[in-house]
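# Structure assessment
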Amino acid sequence: MSDHGAHVDEHFSGSNKLFISIWVWLLILTLLEIFLAYRPMDLFFMLTILLGLSLIKAALIMAYFMHLKFERLSLILTLIPALVVCILLLFVFFPDSFRSLGLRYQYKEAPALAPAPVEDH
Amino acid sequence: MSETHEGVHRHPAPTGFIRKYIFSIDHKVIGIQYIMLALAAVVVGMLMSLLMRLQLSWPGTDWPILGTLFPTGAPNGVMNPEFYLSLVTMHGTIMVFFVLTTAPQGGFGNYFLPIQIGAEDMAFPYLNMLSFWVTLVGFIVILMAIFVEGNQGIGEWFATLGPSFAGGSGTVGPIGGWTGYAPLSALGKIAGPGQGGGMNLWIISIAIFCVGSLLGALNFITTLLNMRTKGMTLMRMPLTCWAWFTTAVLALLSFPVLLGGGILLLLDRVANTSFFIPGGLYVSGLLSGSNPNFPLHTGGSPILWQHLFWFFGHPEVYIAILPGMGATSHILATFARKPVFGYRAMVFAIFAIGLLGFFVWGHHMFISGMSPYSAIAFSVLTLSIGVPSAVKTFNWLGTLWGGRIRFTTAMLFALGFVSLFVAGGITGLILGQSSLDLPMHDTYIVTAHFHLVMGVASIFGMFAATYFWFPKMFGRFMSESLGRIHFWITFAGVYAIFMPMHVMGLMGMPRRFSQFTEYNFLVNSSGLVKLVTVAAIITIAVQFVFYFNVFWSMFKGERAGENPWEATTLEWNTPSPPPHDNFAGVLPVVHHGPYEFAVPGAPRDYVMQTDVDVEVPSGNGHNGKH
Amino acid sequence: MSTEARVGTFPAVDWEGGAFPYRVGHRKLGMWLFIISDSLTFSALLIGYSYLRASNVWPTPFPFYPSIVFSSVMTFCLLSSSLTMVFGVSASSKGEKAKARKWILATIIFGVAFIVLHLIEWQHLMHEGLGPFYLPEHWVQAFSENGVPPSPLFGATFFAITGLHMFHVATGAIYLLVVALRINKLNHEDVEISGLYWHFVDLVWMFVFPLIYIMSVDIGGRLAAVAH
């Protein structure tokens, strides 16, 4: 099936050197994450830093490996804001999560947690 | 006279019955297949609603056929409450998924989007065929769910797949509402009848449907962005195309969340996890974790399921209505012989409805125990959707004002859409206020609201589209006289069915109850309930006039030409029905907007999009906005 | 009265029909749209996981060896597979089909290595006593807070999310294998599109790894302190 007017990208932007340097940065950021894992710090703070690092890694992969930086701006604006908005909307779930921490049913005696044989479910 | 340019030869026309009508990659055939699927599904859904109405009006009556078909669910022909609830569940699921999400988008959208933008087919014809067949498999699975629960033998056989797949509880499919709220839907067979294999199949069917819809959505978006013919700028597209595009974007972004939630729910049932099951549940006489038959479940959150479901669920209802809005705009303009009033505003309104539709899912959860601060935000945003909806409504009225109206059946249904959308939409504004929703949630006011907008307005949009495009699809007119009978009785009928439900809701009548005989405060409601049922019986009966009209006219209807309605958009530039590649190898070139009616100085009262020798002054006499 | 919009309102001539507005063909645009939707599926699962984790007592049982070591090597494998994939696409753009095939095969090897390591890790955890609805006894002892035991949802979310991701890696490996074998009949765009899918799989792992592994590292050595 040929797409009429398909524009084959003869000049694939980005040299091998660029890709290797991006790969090195990704590894460095990963090592940073692993290093941070073993630093004692407030959970929320750790989470923010980790998510921030992950976003940077994701942005690097999308921009350079997936070539998005070299596409037209209109494509980036079509795809990325929609995804970001939807993910941010999912965060609206969290107030219910934080509140339910205090609402949990507390067992007087914890029932056995070993795997129960399920005959007739 | 119209200008054209050479198209690219894509696929040769198929030969043989199977390639032409069964496994076809032609978007027109696939569109008709979706419509046929919807026509079949709606019969099943209507039958279920009829049974529900009979139970509500005459509870405790023995219905002979039921006793024979469902000896467990309706012993001696008298419906169990569980039987009724399974009807509620399956009616909702089949109607919302297999009627309202297939016909407007997959049916008419598939058929007419490529033609209206001047393309020869969709961007991915094989993916299109796959989407339809995946959706059909989903439908077969949901029908299986009916039999796995309804039939003892089949239900027992299903248990061979795994203990959580056992069925045979005698209900007409799973129980859980079309919303499948946890923890009931997550517990499995221990929770009672209708919670066995049928529920597993329900989840699987919806997951399959998600995949089919997602593939379809990306096909629509790619086609619309990449395959418009020369001259077809985005702002020259018919409003139907804008509606189908926005609907596809909504589907692309909301169905994955349902898929994720559905995976977790299925794991809860099959793998004993507790994503949505909180601790300390006492079910069927057993405390969670105290008995091998009811393993320990702890830590899950039912509200999480509600969030995940409604994050999808709200865009889903806009997916159901937006194509109808697009078709209404299109048809009103054509038969009022006037351009759509405020085309640009209509486009932005479609966008706004689509965008805001993502922000308001919490209004289904006002009484769930969700954070009241979120509720404030959801409430305000829900009310704000009233603004673009009102823009559209006033623009429809503006389109009609001063027009030379031709009252064809399609026009009548389009007018009916406007009426019903307003009727249903107003209660949306009331229910959207969280404080008012507290007493109204789970009453018949909600039922009235969503049936009017989703169940009726959306269907009227599809009826209008059918009567309008039938001559193009089959080269023959539908019978106008039968159409008028269909319209007037249905129009009166749906008002007679759903208007009294507002009264019932204000009386405090709750949803999803199989009978109200035990409640003193509802003693006076039985008259209204019976009225609704009689209206429902008549309305359902007259739909068979429609079915007869459709199938008879396909073969015996009066022949129609290329442009019987004197409309302007690209689909009226092709023969009726269009050839395999829509434009016989020569793609049209577009010079004008989609609704150039009553152009001063033009030779006819309509200017087709492809006409070359006509001057259409721009910015002339419409608010100075363009 | 006219509804025609002024021509030239949109800056790019590509929006006037008869052209690709993004200068991207159908299949590439379709793959991007698929990636957006699949990202949302994973987002829903990850947000669900975070939601459940925030509202429950949660174990943090991963020791440096084997869990963090394995998962770090797995991360290295995926990142390197992305690099080899980019090299493959770059070679394909220059028409060097044989070279492209070699790089794609290298990508597949890294992908398979990921899956093998992941399965070994799963097997180790299951052997230790982790399941979809139960935790090993010593974890319960080590991570209870004020008498409240840690949630078995740890196992449920772990297997669900990593399982779905592994499924995507496996599907991607098969897809790439087909592309590598048929590379002479495919054009460059098809290779590029398969690369997009593969990078997407890597991208998801960039979020799964910190949220599931790094956030569950056994910092205080609580597990080691419990005799088992």
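## Looking at the overall build of chain C
Within chain C one finds seven helices and zero strands. Taken against the 2.2 N^0.38 rule, which gives 17 Å for 228 residues, the C-alpha radius of gyration of chain C at 23 Å runs more than 25% over that of a compact globule. C-alpha atoms of chain C, sized along the principal axes, occupy 75 × 55 × 25 Å. For chain C, buried positions account for 56% of its 228 residues. Within chain C, contacts between residues separated by at least 24 positions form 75% of all contacts whose residues are at least 6 apart in sequence.

## What about the overall build of chain A?
Each helix and strand in chain A was counted, giving four helices and zero strands. In sequence order, the secondary structure elements of chain A are arranged as α-α-α-α. Within the span of chain A, comprising 121 residues, buried residues form 21% of the whole.

## Topic: unusual backbone geometry
Phi is mostly negative for residues that are not glycine, and the peptide bonds are mostly trans. Here the amide bond leading from B:Ala182 into B:Pro183 is cis, since omega sits at 0 degrees, within 30 degrees of zero. Relative to the helices and strands, B:Pro183 is located in the loop between α7 (152-158) and α8 (184-187). The peptide bond linking C:Tyr65 to C:Pro66 adopts the cis configuration, its omega dihedral lying at 5 degrees. Following the sequence through the fold, C:Pro66 ends up in helix α2 (residues 64-93). In this model, B:Asn582 sits at a positive phi of 70 degrees, which is unusual for a non-glycine residue. Even without being glycine, C:Arg23 reaches a positive phi, approximately 55 degrees. Note on placement: C:Arg23 falls in the segment before α1 (26-54). Overall, the presence of 17 C-beta atoms within 10 Å leaves C:Arg23 in the partly exposed class.

## Describing the nonpolar core
One finds B:Ala38, B:Ile221, B:Leu252, B:Phe413 and B:Ala464 to be the most contacted residues of the largest nonpolar core, which totals 288 residues. At 21 residues, the largest contribution of residues to this core is made by helix α10 (residues 239-270) of chain B. Among residues more than four places away in sequence, those in contact with B:Ile221 are B:Phe245, B:Ala248, B:Val249, B:Leu252 and C:Leu33.

## Some thoughts on the interface of chain C and chain B
Contacts between the two partners involve 36 residues from chain C and, on the opposite side, 57 residues from chain B. Here the side of chain C that touches chain B takes 15 residues from α1(C), the largest share from any one element. Broken down by class, the residue content of the side of chain C that touches chain B amounts to 20 nonpolar, twelve polar and four charged.

## With respect to the confidence of the model for chain C
Predicted confidence across chain C gives a mean pLDDT of 90, with 93% of residues reaching 70 or more. Two summary scores accompany this predicted model of the complex, namely pTM at 0.93 and ipTM at 0.92.

## A word on α2(C)
Look at α2(C): 42 Å from first C-alpha to last across 30 residues, which is about the 44 Å you get at 1.5 Å a residue. Within α2(C), 21 of the 30 residues are buried, which leaves it mostly tucked inside the rest of the structure.

## Some points on the environment of B:Ile190
All names here are of chain B. Mapped onto the elements of the fold, Ile-190 is located in the loop between α8 and α9 (197-226). Under the C-beta neighbour-count criterion, Ile-190 is labelled buried, with 20 such atoms within 10 Å. Sequence separation between Ile-190 and Leu-286 is 96 residues, and the spatial gap between their C-alpha atoms is 9.2 Å.

## Section: the packing of helix α2 (residues 27-57) of chain B against helix α4 (residues 81-99) of chain B
Residues and elements named next belong to chain B. Viewed as axis vectors pointing N to C, α2 and α4 meet at an angle of 155 degrees, and their least axial separation amounts to 9 Å. Taken together, the axes of α2 and α4 are roughly antiparallel relative to one another. Once α2 is placed against α4, the crossing between them reads as left-handed. Mapping the contact onto sequence places Leu-37, Ala-38, Ala-41, Val-42, Val-44, Gly-45, Met-48, Ser-49, Leu-51, Met-52 and Gln-55 in α2 and Tyr-84, Leu-87, Val-88, Met-90, His-91, Ile-94, Met-95, Phe-98 and Val-99 in α4. Looking at the contact of α2 with α4 residue by residue, the class counts come to 16 nonpolar, four polar and no charged.

## Considering the interface of chain C and chain A
With 50 residues of chain C at the interface, the matching set in chain A holds 50 residues. The set of elements that each furnish at least two residues to the side of chain C that touches chain A consists of α1, α2 and α6 (188-213) of chain C. Considering each element in turn, the side of chain C that touches chain A owes the most residues, twelve residues, to α2(C).

## So, helix α18 (residues 480-507) of chain B
Residues and elements named next belong to chain B. Between its first and last C-alpha, α18 extends 41 Å over 28 residues, near the 40 Å set by a 1.5 Å rise per residue. Residues of α18 that are buried: Gly-483, His-486, Phe-487, Thr-490, Gly-493, Val-494, Ile-497, Phe-498, Met-501, His-502, Met-504 and Gly-505. In this structure, the buried residues of α18 make contact with α15 (409-431), α16 (434-440), α17 (444-474) and α19 (526-556). Of the residues one or two after α18, Gly-508 is the one with positive phi, at around 105 degrees.

## Some thoughts on the environment of B:Pro64
All names here are of chain B. Structurally, Pro-64 can be placed in helix α3 (residues 64-69). Given 9 C-beta atoms within 10 Å, Pro-64 falls into the exposed group. Between the C-alpha atoms of Pro-64 and Gly-300, which are 236 residues apart in sequence, the distance is 43 Å.

Each value, and the rule that gives it
- Residues numbered from 1 in each chain as written.
- Chains lettered and ligands numbered in written order.
- Predicted model: local features only at pLDDT ≥ 70, side-chain atom pairs only at ≥ 80, totals over all residues.
- Helix = DSSP H or I, 4+ residues; strand = E, 2+ residues; numbered from the N terminus.
- Rg over C-alpha atoms; globule rule 2.2 N^0.38 Å.
- Buried ≥ 20, exposed ≤ 12 C-beta atoms within 10 Å, placed from the backbone.
- Contact = placed C-beta atoms within 7 Å.
- Core = buried A, V, L, I, M, F, W, Y, C linked by C-beta atoms within 7 Å.
- Nonpolar A, V, L, I, M, F, W, Y, C, P; charged D, E, K, R; others polar.
- pLDDT = per-residue confidence, 0-100.
- Expected span 1.5 Å × (residues − 1).
- Axes fitted to C-alpha atoms, helices over the stretch in contact; angles between N-to-C directions.
- Parallel < 35°, antiparallel > 145°, perpendicular 65-115°, else oblique.
- Left-handed = near helix turned anticlockwise from the far one by under 90°.

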